[in-house]
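Notes for the structure review
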Amino acid sequence: MRRSMLFLPGNTPNIIVNGDALGADNVILDLEDAVAPDQKDAARILVRSAIKALGFKNVELTVRINSLDTPYWQADLDEIVPLRPDLIMPTKVGGAEDVLTLDACMAEVEKKSGLPAGTVKLIPLIETARGLENAYAVASASPRVAALFLGAEDLTADLHCPRTKEGAEIFYARSRMISAARAAGVDVYDTPFTDVNDDEGAVKDARFARSMGFSGKAVISPRHVRAVNEAFSPTQKEIDSAREVLAAIRQAKEQGRGAISLHGKMIDKPIVVRAEQTIAMAEAIAKGGSK
Amino acid sequence: MMKDSKVIAALKDAILRSGLKDGMRISFHHHLRNGDGVMNMVLGELAAMGYRDLTVNSSSVFDVQSPIIDHVKSGVVGRIETNYMGAKVGRFISAGGMKEPVVFRSHGGRPSAVENGVTPIDVAFVAAPTADPMGNATGKIGKSACGSLGYAEADARCAKHTIVVTDNLVPYPLEDAMIQEQWVDGVVAVDSIGDPQGIVSGTTRITRDPVGLVMARTTVDVIRASGLLRDGFSFQTGAGGASLAAAKFLKDVMLAEKIQGSYALGGVTSAIVDMLNAGCFRSIMDVQCFDLGAVASIRDNPRHVEISATRYASPTSKSCCVDSLDAAILGATEIDTDFNVNVHTDSNGFIMGGSGGHSDVAAGAKLCIIVAPLIRARLPIVTDRVTTISTPGRTVDVLVTQKGVAVNPARAALRDRLAEAGVKVVDIHDLKAAAEKLTGAPRRPARGTREVAKVVYRDETQIDSIKSVK
């Protein structure tokens, strides 16, 4: 369960130290955009030490690494993969070949560290027009890919369009990402809402993302974590309805009935799958988090 | 003096008429906070008149009153009794600057001691933002308005001689007056009793610190899970950023769940006023206003009620407001694994605070919640033993940090309730270990052997002794 994925700059020890206390299901320690080129080494060392010291036992951990066209990404993988974060987020991923390059390098680091191949998963950040058009190929390039992640700020720059709060300019990108990820059988996460002072806007944007089919959403302000979690949590009405569906299925099985209807509507497989997902998520939330 | 006026032209004359002698006890209140000009004015006058060895009993001593240091050095002031001391004077005291130890009481213990003759006041100097010629006085109006004058009431009522000092003399009678004429001997009009900028804060913004917000939300979760949040709920919180945030989140919950509380108590901020105006409480019982919003509210809203320190928290009154409190949110400089709280001294042992109402509220409230980050300025907040015991651990129920909530082991039922409601309950020793894993165990500063201050609990027993700092 990753309703919210919270970005924390990799060079801010005071914030990282509280990363697992801010309510996000997943914390992304950022070695890329948040860190100036002359601080890359320092941030990598800090993130490495923080993972070792803090453990992040109560929260899923992602590390965003530098893109393949920089001199930093290999050192990022060498330092971070042995620490077994849940996910590595490579940036500006443009096609399946990028995933394969990363996959091979990670497998090597895993081998050297005595970790089973594929221990650490990938969540490629799609933030270029090329990456967007290749989203399905990226998502299905390797079993290491656990999810796709939309980065709208860089994408809109690449698309030559302004980034707006309303987000009409990324409607296609959102739709395409969701379709590609679902077709490949992986999760998909929405770009952050970047106006940290607009709480209402954050709620609206998160609800819209959920309505489109995203699995969760990135957050750049801890203040928005709760709103995003709520938007991506099943409502009590949805939970009650899912329980009703599953109870009807159970009852029909006991009675040996094939076709099942509830409140005059047929219950088909997708409805059952959705009900099971809803209950699984409600149970995970009740247990208090993603881990 | 004319029969229909107690106005005395000069402060010096008022002092002469009071019968004040060397070695006597004089008192002040702290409602003008860091804008107060009256204590400095009076002590300056007393020094010029040649007084020696006076006891200053003030509900607080702020940094603006640091000229008291010179009066201690010169022998004008021989003893200080207070409930709170700012860091400037605190540092001087901690360094051994005063022969006699400072006596710290609480906001409830002080009026009790005044009323019961433990600390009889010879002359009370009452700074008054507005007064009439017979001594009726209020803090609600005037250019130096500070709101409630609750801490001055016992002084004015019980002192052998009471002098009101005002910068806004209005015609008799001043109807709504916390300080009443039957207690007042003289009234002195001055140009200014203080700097309005320092009296109240105009800032009412809640914290934007994500850790503070997490703790505030968790605090509200604890209050909800305790079962106390129902119609008739009563509540007190402080003026810090996280406290204001907790008030805001609590307001949202109370409105959403249509809960109407009975009263909010304090130490009042705009956040509490907002809760009153939104219908979260029937009334505010206000011993002290922290900001301009609270001052305006106590002036304009009859449901925002001014109360004395005696009514607020005196343990020897027949009852007081803290006794009926459901939940209170308090801060801490340190808390130890027995839940004892320090709000008197900093990590180096220097005095920089005091109980204020901390220990009173903790003793009275059914649910006393301490809110503190696990680490502050690279130091862990949870320790094996606090540097100074300000509030005994037996009166503290819960510690809220950003990394979990610790419940006093004596409150097993509460712990179970919180855990059942999904609050992340952890052992306080584990919080200490988690902090020390990051910071290391801090070394204790070297302390002298000389007692520089006594911490006197609300029942007049001494619960700790503050030593000099080497």
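Note that the structure is a prediction, hence the values are computed from the model and not measured.

How each quantity is defined
- Residues numbered from 1 in each chain as written.
- Chains lettered and ligands numbered in written order.
- Predicted model: local features only at pLDDT ≥ 70, side-chain atom pairs only at ≥ 80, totals over all residues.
- Pairing = 2+ DSSP bridges.
- Helix = DSSP H or I, 4+ residues; strand = E, 2+ residues; numbered from the N terminus.
- Core = buried A, V, L, I, M, F, W, Y, C linked by C-beta atoms within 7 Å.
- Buried ≥ 20, exposed ≤ 12 C-beta atoms within 10 Å, placed from the backbone.
- Contact = placed C-beta atoms within 7 Å.
- Domains from an automatic or database assignment.
- Nonpolar A, V, L, I, M, F, W, Y, C, P; charged D, E, K, R; others polar.

Some thoughts on the sheet that holds strand S12 (residues 261-268) of chain B
Residues and elements named next belong to chain B.
- Strand order across the open sheet formed by eight strands is S14-S13-S12-S11-S15-S18-S22-S23, with mixed pairing between neighbours. Strands with a single pairing partner mark the edges of an open sheet, and in this sheet they are strand S14 (304-306) and strand S23 (404-407).
- One ladder, built from three bridges, connects strand S18 (residues 367-371) with strand S22 (residues 398-401); its direction is parallel. By the bridge assignment, Ile 370 is partnered in S22 with Leu 399.

Description of the nonpolar core
- Within the largest apolar cluster, 239 residues are counted, with the highest numbers of intra-cluster contacts made by Leu148(A), Val126(B), Ile179(B), Ile369(B) and Ile370(B).
- If one sorts the elements of this core by residue count, helix H8 (residues 210-226) of chain B sits on top with eight residues.
- The residues contacting Leu148(A), other than those within four sequence positions of it, are Pro124(A), Ile126(A), Ala135(A), Val138(A), Ala139(A), Met177(A), Ala180(A), Ala181(A), Val186(A) and Val188(A).

What about helix H4 (residues 87-94) of chain B?
Residues and elements named next belong to chain B.
- Of all the residues in H4, the buried ones are Val 89, Gly 90, Phe 92, Ile 93 and Ser 94.
- Among the structural elements, helix H3 (68-74), strand S5 (102-104), strand S24 (447-456) and strand S25 (462-469) are those in contact with the buried residues of H4.
- Count one or two residues on from H4 and you reach Gly 96, which has phi positive near 85°.

As for the environment of Ile329(B)
Residue and element names in this part refer to chain B.
- Checked against the element boundaries, Ile 329 lands in strand S15 (residues 327-330).
- We classify Ile 329 as buried; it has 29 C-beta atoms within 10 Å.
- Linking Ile 329 and Ala 47, residues 282 residues apart in sequence, is a C-alpha distance of 41 Å.
- Excluding residues within four positions of it along the chain, Ile 329 makes contact with Thr 219, Thr 237, Gly 238, Ser 243, Ala 246, Ile 369 and Val 371.

As for the domain arrangement of chain B
Residues and elements named next belong to chain B.
- Splitting chain B by domain gives domain 1 (7-199) and domain 2 (210-446).
- With centres defined by C-alpha atoms, the gap from domain 1 to domain 2 works out at 29 Å.
- Counting residues at the interface gives 31 residues for domain 1, matched by 32 residues for domain 2.
- Of all the secondary structure elements, the ones that give two or more residues to the side of domain 1 that touches domain 2 are H4, helix H5 (109-115) and helix H6 (153-158).
- Each residue belonging to the side of domain 1 that touches domain 2 can be placed in one class, and the counts come to 12 nonpolar, 14 polar and five charged.

Notes on the interface of chain A and chain B
- With nine residues of chain A in contact, the opposing surface of chain B contributes 10 residues.
- Counted by class, the side of chain A that touches chain B contains five nonpolar, three polar and one charged residues.

Here's the deal with the pairing of S18(B)
All names here are of chain B.
- Among the five residues of S18, five are classified as buried, and the element is accordingly described as predominantly covered.
- In S18, alternate side chains face the same way, and those of Leu 367, Ile 369 and Val 371 on one face and Cys 368 and Ile 370 on the other are all buried.
- Note that S15 and S18 share four bridges and pair parallel. Counterpart to Ala 327 in the pairing with S18 is Leu 367.

With respect to unusual backbone geometry
- Cis peptide bonds are those with omega within 30 degrees of zero, and the linkage from Tyr172(B) to Pro173(B) qualifies with 0°.
- Counting through the fold element by element, Pro173(B) comes out in the loop between strand S9 (161-166) and strand S10 (186-189).
- Backbone geometry places Phe56(A), a non-glycine residue, at a positive phi of 50°.
- Among the structural elements, Phe56(A) can be located in the loop between helix H2 (40-54) and strand S3 (60-64).
- What makes Phe56(A) buried here is the crowd of 20 C-beta atoms within 10 Å.
- In this structure, Asp53(B) takes a positive phi of about 60° despite not being glycine.
- Considering the arrangement of structural elements, one finds Asp53(B) in the loop between helix H2 (38-48) and strand S3 (54-58).
- Asp53(B) sits in the partly exposed class, given 14 other C-beta atoms within 10 Å.

Here we look at the sheet that holds strand S1 (residues 7-8) of chain B
Residue and element names in this part refer to chain B.
- Within the open sheet, the 10 strands sit side by side as S1-S10-S9-S6-S2-S3-S4-S5-S24-S25. Their pairing is mixed. The open sheet has two edge strands with one neighbour each: S1 and S25.
- Bridge count for S9 against S10 is four bridges, and the pairing is parallel. If you follow Val 164 over to S10, its bridge partner there is Val 187.

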